[in-house]
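Summary of the model geometry
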There are 2 protein chains.
Amino acid sequence: RRSHMTVSFTDPQVSMDLLRAVLQPSFNNDIMAVFKKYQMFFEKAAQNVKENIGEDVQTDQLVKDACRNVLEHAKQLFPEGEVKRVGPEIAVKRYKPIDEEYG
Amino acid sequence: RRSHMTVSFTDPQVSMDLLRAVLQPSFNNDIMAVFKKYQMFFEKAAQNVKENIGEDVQTDQLVKDACRNVLEHAKQLFPEGEVKRVGPEIAVKRYKPIDEEYG
């Protein structure tokens, strides 16, 4: 039994990710609650897109894509140390006009 | 002016991502509030890792890595349509033992 514990806690990433996995369902609930606040906006936008473009637009997939993108961009709240892989720093990104990402 | 609008709303992804970018700062605030609830757990775990492994462990980076992983896994709340790229379905993943991801 002892050696099994040692294995788990030798790799920092594994050790932290075990905790992450334990907390994930609770996180997911809280994150879903956050998304519910904004869901209407995304659904309206997706509906607009559908009206402008046509019937073959899957609004629910557009909304889900947008939600995944929100989560991806939220990672910039927790930037990596030396190696900055997320592009321009958040502070600047946040306060620039919204078309910043289409330049 | 009209044509500029047409450009923005022709590509569904761009159109949706404009809204995403507008809402992102607000999302980030809400998501940070969620993470604050769990921060102590991650910090304790990172401290344990440091005690077990050694001085060269950067606890704050371990915590940030874990937080980014939470966001990555939360994407499974919004699965892609036909093409499932996130691995096994969430319902199963959630209720299996926590070592499920290390097999």
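As a reminder, the structure under discussion sits directly above these lines.
Summary of the structure given here. Keep in mind it's a predicted model, so treat the numbers as computed, not measured. (Residues numbered from 1 in each chain as written. Chains lettered and ligands numbered in written order. Predicted model: local features only at pLDDT ≥ 70, side-chain atom pairs only at ≥ 80, totals over all residues. Heavy atoms only, no water.)

Turning next to helix α3 (residues 59–74) of chain A. An ideal rise of 1.5 Å per residue puts 22 Å on 16 residues; α3(A) measures up with 23 Å between its terminal C-alpha atoms. Along α3(A), the residues classified as buried are A:Gln61, A:Leu62, A:Val63, A:Ala66, A:Cys67, A:Arg68, A:Val70, A:Leu71, A:His73 and A:Ala74. Looking at the buried positions of α3(A), the neighbouring elements they touch are α2 (12–53) of chain A together with α2 (12–53) and α3 (59–74) of chain B. (Helix = DSSP H or I, 4+ residues; strand = E, 2+ residues; numbered from the N terminus. Expected span 1.5 Å × (residues − 1). Buried < 20%, exposed > 50% of the residue type's maximum accessible area, 1.4 Å probe, protein only. Contact = heavy atoms within 4.5 Å.)

For any two helices packed against each other, one specifies the inter-axial angle together with the distance between the axes. The N-to-C vectors of α2(A) and α3(B) enclose an angle of 45°; their axes lie 9 Å apart at closest approach. With respect to α3(B), the element α2(A) is oriented oblique. Handedness of the crossing formed by α2(A) with α3(B): right-handed. The residues of α3(B) that touch α2(A), namely those facing A:Pro12, A:Gln13, A:Met16, A:Asp17, A:Arg20, A:Gln24, A:Phe27, A:Asn28 and A:Ile31, are B:Leu62, B:Val63, B:Asp65, B:Ala66, B:Asn69, B:Val70, B:His73 and B:Ala74. A breakdown of the residues in the contact of α2(A) with α3(B) according to their chemical character gives 9 nonpolar, 5 polar and 3 charged. (Axes fitted to C-alpha atoms, helices over the stretch in contact; angles between N-to-C directions. Parallel < 35°, antiparallel > 145°, perpendicular 65-115°, else oblique. Left-handed = near helix turned anticlockwise from the far one by under 90°. Nonpolar A, V, L, I, M, F, W, Y, C, P; charged D, E, K, R; others polar.)

It is worth spelling out the pattern of salt bridges at this point. Residue and element names in this part refer to chain A. All chains considered together, the criterion is met by 12 salt bridges over all chains. Between Arg20 and Asp17 there is a salt bridge, and its shortest N-O distance comes to 3.0 Å. Here Arg20 and its partner Asp17 are both found in helix α2, 3 residues apart, which amounts to about one turn of the helix. Residues Arg20 and Asp17 agree in their burial class; the two are buried. Here Glu72 and Lys75 are joined by a salt bridge, their closest N and O atoms 3.0 Å apart. We classify Lys75 as buried; its relative accessible area is 12%. (Salt bridge = Lys/Arg side-chain N within 4 Å of Asp/Glu carboxyl O.)

Rotating chain B by 180° and translating it 0.0 Å along the rotation axis places it on chain A, where the RMSD comes to 0.0 Å. What the rotation and shift describe, once combined, is the action of a two-fold rotation axis. Minimal C-alpha separation from the rotation axis in chain B is found for B:Leu71, amounting to 2.8 Å. In this assembly, 98% of the residues forming the interface of chain B have copies in chain A that are likewise at the interface, indicating an isologous arrangement. (Least-squares fit on C-alpha atoms with pLDDT ≥ 70 in both.)

Under the criterion given, the structure shown has 8 aromatic pairs over all chains. Aromatic pair A:Phe42 and B:Phe27: ring centres 6.2 Å apart, planes at 25°, arrangement stacked. Taken together, the residues A:Phe42 in helix α2 and B:Phe27 in helix α2 connect one chain to another. The residues A:Phe42 and B:Phe27 share a single accessibility class, namely buried. A ring pair is formed by A:Phe78 and B:Phe35, whose centres lie 4.8 Å apart and whose planes are at 55°; its orientation type is tilted. You can see A:Phe78 sitting in the loop between α3 and α4 (90–95) and its partner B:Phe35 sitting in helix α2, one on each of two chains. On the basis of relative accessible area, A:Phe78 is assigned to the buried category, the value being 6%. Three or more aromatic residues joined by ring pairs make a cluster, and in this case those are A:Phe27, A:Phe78, B:Phe35, B:Tyr38 and B:Phe42. (Phe/Tyr/Trp six-rings, centres within 6.5 Å; stacked < 30°, edge-to-face > 60°.)

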